[in-house]
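Structural features, examined
The residues making up each chain are set out below.
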Amino acid sequence: AQSVTQLDSHVSVSEGTPVLLRCNYSSSYSPSLFWYVQHPNKGLQLLLKYTSAATLVKGINGFEAEFKKSETSFHLTKPSAHMSDAAEYFCVVSDTGRRALTFGSGTRLQVQP
Amino acid sequence: DTEVTQTPKHLVMGMTNKKSLKCEQHMGHRAMYWYKQKAKKPPELMFVYSYEKLSINESVPSRFSPECPNSSLLNLHLHALQPEDSALYLCASSQDGISTDTQYFGPGTRLTVL
């Protein structure tokens with residue numbers, strides 16, 4: 001069975017400072033891992049995706065994530081937060097052969113001016 | 001173009017009404033999905049269509065009835081809903097429905113059941 005744990009329900013940073021959103025996963029097989037962002041009252045937008053190629057994955061808007069198999073982690077980072085980054089972020093895992101995604105509970109990122 | 005469109009954006013309906021939500025994609029994707037998202041929660045999968053056939057039904061009540069008329073369109077027919085069904089309904093599509101596929105989401109329909 002697969003599962004995802006987002007370690008922080010809420011993260012607050014100042015504009016211009018680094019962002020770290022933490023995600024741990026559990027998977028029986030080689031997983032595909034995703035980060036999606038959801039702005040208020042909007043759909044989900046893909047930030048980045050890992051599928052067993054490079055362990056450091058670069059996404060849109062300056063975000064990146066590193067797959068660490070030994071730690072079963074897939075943390076999302078950004079060097080410098082922007083006000084427009086304020087949103088809900090979901091870490092998502094998908095096991096080989098299963099069509100359904102498993103979502104983490106989400107992390108709300110707040111960016112202070 | 002990675003756009004999934006959904007109509008209507010907002011829908012208010014009574015418990016005795018019948019209404020439908022519509023989703024459309026023109027990316028040539030062969031898998032389409034319905035999710036339900038309650039406030040401050042992650043999306044929950046409802047249905048998956050793969051090559052126009054229903055492949056996953058996550059034990060959704062029969063008052064929700066999906067339909068996939070063709071590979072570009074996905075409908076969700078609603079009848080005799082309850083107030084607790086009020087939520088954001090998200091549609092998504094992906095290339096083939098396999099695990100490594102990226103799912104592309106629409107903006108959602110905000111449903112309120114009175």
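Anyway, here's the lowdown on the structure attached to this text. These numbers were taken from a predicted model, which means no experiment stands behind them.

If you look at the interface, chain A gives 23 residues, while chain B gives 23 residues. For the pair chain A and chain B, the summed buried area comes to about 1700 Å², and 54% of that belongs to carbon and sulfur atoms. At the boundary of chain A and chain B, one finds zero salt bridges. Put simply, chain A and chain B have five residue pairs in polar contact (both at pLDDT 80 or more) between them.

A separate point is the state of the cysteines. Taken as a whole, this structure holds two disulfides over all chains when the rule is applied. What pairs with cysteine 23 of chain A in a disulfide is cysteine 91 of chain A, and their sulfur atoms sit 2.0 Å apart. Residues cysteine 23 of chain A and cysteine 91 of chain A share a disulfide whose torsion about the S-S bond is about -70°; that sign makes it left-handed. In this pair, cysteine 23 of chain A sits in strand S4 (residues 23–26) while cysteine 91 of chain A sits in strand S10 (residues 87–94), placing the two residues 68 residues apart along the sequence. Taken as a pair, cysteine 23 of chain A and cysteine 91 of chain A share a single burial class, namely buried. The disulfide partner of cysteine 23 of chain B is cysteine 91 of chain B, and the S-S distance across this bridge is 1.9 Å. On the sign convention where negative is left-handed, the bridge of cysteine 23 of chain B and cysteine 91 of chain B, at about -70° about the S-S bond, is left-handed. With a gap of 68 residues between them, cysteine 23 of chain B in strand S3 (residues 18–25) and cysteine 91 of chain B in strand S9 (residues 87–94) connect regions that are remote in the sequence. Looking at cysteine 23 of chain B, the relative accessible area reads 0%, which means it is buried.

What counts, and where the lines are drawn
- Residues numbered from 1 in each chain as written.
- Chains lettered and ligands numbered in written order.
- Predicted model: local features only at pLDDT ≥ 70, side-chain atom pairs only at ≥ 80, totals over all residues.
- Heavy atoms only, no water.
- Contact = heavy atoms within 4.5 Å.
- Buried area = accessible area lost by both parts, 1.4 Å probe.
- Salt bridge = Lys/Arg side-chain N within 4 Å of Asp/Glu carboxyl O.
- Polar contact = N/O pair within 3.5 Å; in protein donor to acceptor, adjacent residues only side chain to side chain.
- Disulfide = S-S within 2.5 Å.
- Helix = DSSP H or I, 4+ residues; strand = E, 2+ residues; numbered from the N terminus.
- Buried < 20%, exposed > 50% of the residue type's maximum accessible area, 1.4 Å probe, protein only.

In short, shape yes, function no, at least from these values alone.
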